[in-house]
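If you want the building blocks of each chain, they are given just below.
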Amino acid sequence: MKKEMRRKDRMVSEEKAREIIEKSEYATLSTASLDGEPYAVQVSHVLYENSIYFHCALVGRKLDNIKENPKVCMSFVSKAEVEQDLYTVRYESAVVEGAAKIIEDEEEKLLALQLICKRYSPDMLEDHLAYIMPKLKITGVCRVEIEDISGKENKKK
């Protein structure tokens, strides 16, 4: 059962939450094994339609957890500015809950990696394929289907 946001005065629209995701330099992906052992790791991500893609190795704890328990949570922070004199932080953040899937289809992997390259290396567009293709078989890609998305901000009044 989804809990409601406590600070509704800081809640933002889904559109704004998506903007926060797009502006965030990285995301924190949280997973859990079947026995409930939590694990969180930073990932380079891209928002595409109602999914979030990230790349990874072909083996590791996050993939083991996703195979056992595809439910994940992702956290994004696009802004965090401390205001010491007010004892507060001005921030923009978003949270996504969804189901993660390890992508095996090469066409979808290629699309995801091109989107990630376009996002993080926009000045290198003509070199993307030359960079991606030799690494395609040794690079993992996961897709998180967004089931719930929310965002908050603490801005100056």
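Residues numbered from 1 in each chain as written. Predicted model: local features only at pLDDT ≥ 70, side-chain atom pairs only at ≥ 80, totals over all residues. Heavy atoms only, no water.

(A) Expanded view of the overall build of the protein. For the protein, the helix and strand inventory stands at four helices and seven strands. For the protein, the succession of helices and strands along the chain, N to C, is α-β-β-β-β-α-β-β-α-α-β. Along the first, second and third principal axes, the C-alpha set of the protein runs to 50 × 45 × 25 Å. A fraction of 71% describes how many contacts in the protein between residues 6 or more apart in sequence connect residues 24 or more apart. Within the structure as shown, the protein displays about 10,000 Å² of accessible surface, and the carbon and sulfur contribution to it stands at 51%. The protein carries 26 positive and 29 negative side-chain charges, and their two centres are separated by 6 Å. (Helix = DSSP H or I, 4+ residues; strand = E, 2+ residues; numbered from the N terminus. Contact = heavy atoms within 4.5 Å. Areas by Shrake-Rupley, 256 points an atom, 1.4 Å probe, with all protein chains shown as cover. Lys, Arg positive; Asp, Glu negative; His and termini not counted. Charge placed at Lys NZ, Arg CZ, Asp CG, Glu CD.)

(B) Spatial organisation of the sheet that holds strand 2 (residues 38-43). A sheet is described by the order of its strands in space; here seven strands give the open sequence 2-1-5-6-7-4-3, paired in antiparallel fashion. Here the strands that pair on one side only, and so sit at the sheet edges, are strand 2 and strand 3 (45-48). Averaged over all pairs of adjacent strands, the angle between strand axes in this sheet comes to 30 degrees, irrespective of strand direction. Pairing analysis gives twelve bridges linking strand 5 (residues 71-83) to strand 6 (residues 88-102), with the strands arranged antiparallel. Of the residues in strand 6, the one forming a bridge with Ser75 is Val95. (Pairing = 2+ DSSP bridges. Axes fitted to C-alpha atoms, helices over the stretch in contact; angles between N-to-C directions.)

(C) Spotlight on the layout of surface pockets. In this model, the largest pocket occupies a volume close to 290 Å³. In terms of lining, the largest pocket is formed by 15 residues, of which the most central are His55, Leu113, Cys117, Tyr131 and Ile132. For the lining of the largest pocket, the secondary-structure elements that each account for two or more residues are helix 3 (106-120) and helix 4 (128-132). Tallied by class, residues from the lining of the largest pocket come to eight nonpolar, five polar and two charged. (1 Å grid on protein atoms, 1.4 Å probe; cavity = no way out; pocket = protein on both sides within 12 Å on 5 of 7 lines; lining within 4 Å. Points joined across faces, edges and corners; volume = space filled by probe spheres on them. Nonpolar A, V, L, I, M, F, W, Y, C, P; charged D, E, K, R; others polar.)

(D) Main features of helix 1 (residues 14-23). Among the residues making up helix 1, those that are buried are Lys16, Ala17, Arg18, Ile20 and Ile21. The secondary structure elements touched by the buried residues of helix 1 are strand 3, strand 5, strand 6, helix 3 and strand 7 (140-154). (Buried < 20%, exposed > 50% of the residue type's maximum accessible area, 1.4 Å probe, protein only.)

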